[in-house]
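Structural characterization, general
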Amino acid sequence: MKVLVIGSGAREHALAWKIKQSPLVDKVFCAPGNGGISEVAECVDIPADDIESLLKFAIDNEIGLTVVGPEVALVEGIVDSFEKEGLKIFGPSKVAAKLEGSKVFAKEFMYECNIPTAPFETFDNVNDAKEFLNHVEFPLVVKADGLAAGKGVIICNDIKEALKALDEIMVERIFSEAGNSIVIEECLKGEEASILAVSDGENYIVLDSSQDHKRIFDDDLGPNTGGMGAYSPTPIINDTMMLTVEEQIIKPTIQGMSSDGTPFKGVLYVGVMLCEDGPYVLEYNVRFGDPETQSILPRMKNDLVEVMLASCDGGIDKIKLEWENKVCVCVVMSSGGYPGKYQKGKEINGLDLVKTKTDVVVFHAGTKKEDEKYYTTSGRVLGVTAMGRGIEEAISNVYDAVELIKFDRCFFRRDIGAKALKFIKQAKRVSSRIKS
Ligand code: AMP
Ligand code: GLY
């Protein structure tokens, strides 16, 4: 079978890398791909949101399965377009993708289905939203309804910040029509984790947990980014908590979408906040997480293509997922200055030194290959990923690999996975106190 992966980041590199290992697959294409992806797939120069050209390519090349990385094409209905032509594609329909495409839709759906999420109000009129601010406590969170490339969530500490956020989103329209409506919700406190489940519309299987690191600097300081690293599994989600997330969030989401006549197929990503009284949904995504996927897939023993085909055709509940009994950590190496201004075109050295290491793989986020050399092309450049028998060993292995890779003005966080270590130490202290 020929498989087409859509997208150009490290998540798509990880997907193409894992898909290529499937005995069901003869060839992998990636549109548009990047320098690193070209090592495992044939890159095709079609943008990830050009549904018409992607469809034509899939028909002309007899693609047996298409896998969509980023959300834009899903929210615009790529799955409906492909299925209309009888093509197999992994992901949700346009209406089901509204779980990510509209925060107002997602919040109202959670409210209807009794799924735990922060208390909220929705507005499509800026004056009503501003009036509402006179009756609330701070901090609170203002969210643009539509897709905003991960920038549409603003945490406001006082009324001045909230008024500014409302003006930016609803008047200045910094996210254009994504700001037609907004959600205002309570600010939750706790640890965040990412839970991914694959569904065939009726049933689902849950992947091992992971944790993203969204801020640019160590200790979660500085502005938000596309994600500076991740690790899997996270000790913050123990077996009991995973069952709670499944019962209170995943199951009612899949059942609710099905009974609304909009069954959800593909991968459902739930961003949860673990609060004192249990897990709350911060957001749904209708695709694989980036960089979570880079830390999840190296541990997956199953054939990912079998899992995806079961999502498309039904029978996902027959699959039993198996995982390497190791921890995997992914550290993102970025261009200095990101998420602000940065320079591109820097030569990357040391990638060959890392290739010889076992249990280490480098997923490319923004590179191009010219004359057998790699150059940086974007803010996030590489997702260096390593496994270890525990979190400590995985962290040590990944940073050993990171130290071998060099490019001018390279930047990375030095504390990826540190939260897991801290959590484990704290849990040990508590249990020894209880025993003594
Ligand atoms: P979202 O795109 O909705 O996940 O929001 C992006 C990030 O904003 C999340 O990963 C959280 O760090 C933060 N966030 C979103 N909603 C809330 C909330 N209700 N309380 C606290 N932080 C939030
Ligand atoms: N890691 C956050 C996301 O994929 O949206």
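The preceding data block contains the structure.
This report concerns the structure included in the present document.

Quick notes on the rules
- Residues numbered from 1 in each chain as written.
- Chains lettered and ligands numbered in written order.
- Predicted model: local features only at pLDDT ≥ 70, side-chain atom pairs only at ≥ 80, totals over all residues.
- Heavy atoms only, no water.
- Axes fitted to C-alpha atoms, helices over the stretch in contact; angles between N-to-C directions.
- Helix = DSSP H or I, 4+ residues; strand = E, 2+ residues; numbered from the N terminus.
- Parallel < 35°, antiparallel > 145°, perpendicular 65-115°, else oblique.
- Contact = heavy atoms within 4.5 Å.
- Nonpolar A, V, L, I, M, F, W, Y, C, P; charged D, E, K, R; others polar.
- Patch = residues over 30% accessible without salt bridge, like charges linked within 9 Å, V, L, I, M, F, W, Y side chains within 5 Å.
- Areas by Shrake-Rupley, 256 points an atom, 1.4 Å probe, with all protein chains shown as cover.
- Salt bridge = Lys/Arg side-chain N within 4 Å of Asp/Glu carboxyl O.
- Lys, Arg positive; Asp, Glu negative; His and termini not counted.
- Charge placed at Lys NZ, Arg CZ, Asp CG, Glu CD.
- Buried < 20%, exposed > 50% of the residue type's maximum accessible area, 1.4 Å probe, protein only.
- Near = heavy atom within 4 Å.
- Polar contact = N/O pair within 3.5 Å; in protein donor to acceptor, adjacent residues only side chain to side chain.
- Pairing = 2+ DSSP bridges.
- Right-handed = clockwise from strand over helix to strand, strands pointing away.

**Points about the packing of helix H1 (residues 10-20) against helix H11 (residues 304-313)**
- Running from N to C, H1 and H11 point in directions that differ by 100°, and their axes come no closer than 8 Å. Taken together, the axes of H1 and H11 lie roughly perpendicular to each other. Within the contact between the two elements, H1 uses Leu15, Lys18 and Ile19 and H11 uses Leu304, Val305 and Met308.
- For the contact of H1 with H11, the per-class residue count stands at five nonpolar, no polar and one charged.

**Considering a positive patch on the surface**
- There is a patch of like positive charges on the surface, built from Lys425, Lys428, Arg429 and Arg433.
- As for its position among the elements, arginine 433 is in helix H14 (residues 418-435).
- Overall, arginine 433 belongs to the exposed group, its relative accessible area being 58%.

**What to know about the site of ligand 2**
- Every residue close to ligand 2 is listed here: Asp212, Tyr269, Asn285, Arg287, Gly289, Asp290 and Glu292.
- Side-chain polar atom of glutamate 292 to a nitrogen atom of ligand 2: 2.8 Å apart, as the coordinates give it.
- When ligand 2 is considered free in solution it has 200 Å² of accessible area, and contact with the protein chains removes 87% of it.
- Here the residues of the shell around ligand 2 sort into one nonpolar, two polar and four charged.

**Section: the pairing of strand E1 (residues 2-7)**
- Extensive coverage of E1 is indicated by the burial of five of its six residues.
- In this structure, E1 lies alongside strand E2 (residues 27-32), joined through six bridges in parallel fashion. Each bridged residue has a counterpart across the sheet, and for isoleucine 6 the counterpart in E2 is alanine 31.
- In this view, the connection linking E1 to its parallel neighbour E2 by way of H1 has right-handed handedness.

The analysis is restricted to geometry; functional conclusions fall outside its scope.
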